[in-house]
Amino acid sequence: MESISIMDGLMLTIVSMLTVFSVLLVLWGLTEMIAKLVNGSQKVESTPAPAKPKPTVNTNNLAPNKKHQQVAELVALALASEDEPNKKLEIQESKRIK
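Fair warning: this is a prediction, and the values are worked out from it, not measured in the lab. (Residues numbered from 1 in each chain as written. Predicted model: local features only at pLDDT ≥ 70, side-chain atom pairs only at ≥ 80, totals over all residues. Heavy atoms only, no water.)

J.: Help me get a handle on the overall build of the chain, residues and values and all.
T.: Each helix and strand counted, the chain has two helices and zero strands in total. By the burial criterion, 1% of the 98 residues in the chain qualify as buried. Summed over all atoms, the accessible surface of the chain reaches about 10,100 Å², with 64% contributed by carbon and sulfur. (Helix = DSSP H or I, 4+ residues; strand = E, 2+ residues; numbered from the N terminus. Buried < 20%, exposed > 50% of the residue type's maximum accessible area, 1.4 Å probe, protein only. Areas by Shrake-Rupley, 256 points an atom, 1.4 Å probe, with all protein chains shown as cover.)

J.: Run through helix α2 (residues 66–80), naming residues and quoting values.
T.: Compared with an ideal rise of 1.5 Å per residue, which puts 15 residues at 21 Å, α2 spans 21 Å between its outermost C-alpha atoms and is within 8% of the ideal. By the N-cap criterion, in which a side-chain oxygen at the helix start approaches the backbone nitrogen of a residue two or three places on, α2 is capped by N65, the distance to K67 being 3.1 Å. (Expected span 1.5 Å × (residues − 1). Polar contact = N/O pair within 3.5 Å; in protein donor to acceptor, adjacent residues only side chain to side chain.)

J.: Residues and numbers for a nonpolar patch on the surface, please.
T.: A contiguous nonpolar surface patch, about 1,000 Å² in accessible area, is contributed by M17, V20, F21, V23, L24, V26, L27, L30, M33, I34 and V38. Note on V38: relative accessible area 41%, which makes it partly exposed. (Patch = residues over 30% accessible without salt bridge, like charges linked within 9 Å, V, L, I, M, F, W, Y side chains within 5 Å. Salt bridge = Lys/Arg side-chain N within 4 Å of Asp/Glu carboxyl O.)

Structure, rendered in structure tokens:
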């Protein structure tokens, strides 16, 4: 069995790594080209349908909902106790602001 010197091992390592990285770069380039071809052909073939206007939602006229109020209170408590997790907080009043 032959012994390999440090310089030969180093050169073999560098050449092997360059080979692997060059093959990966070629595969990456091919993947990008194929993705552009596939995405480009889909964009040309498909014609967008005319956009329908979305119905507007008037948030001022929403009826009060007990579950939404409870969720809002829990989120407010979580944000208030963010800095001090063991602090006891209590809701004294819950008021809806428009």
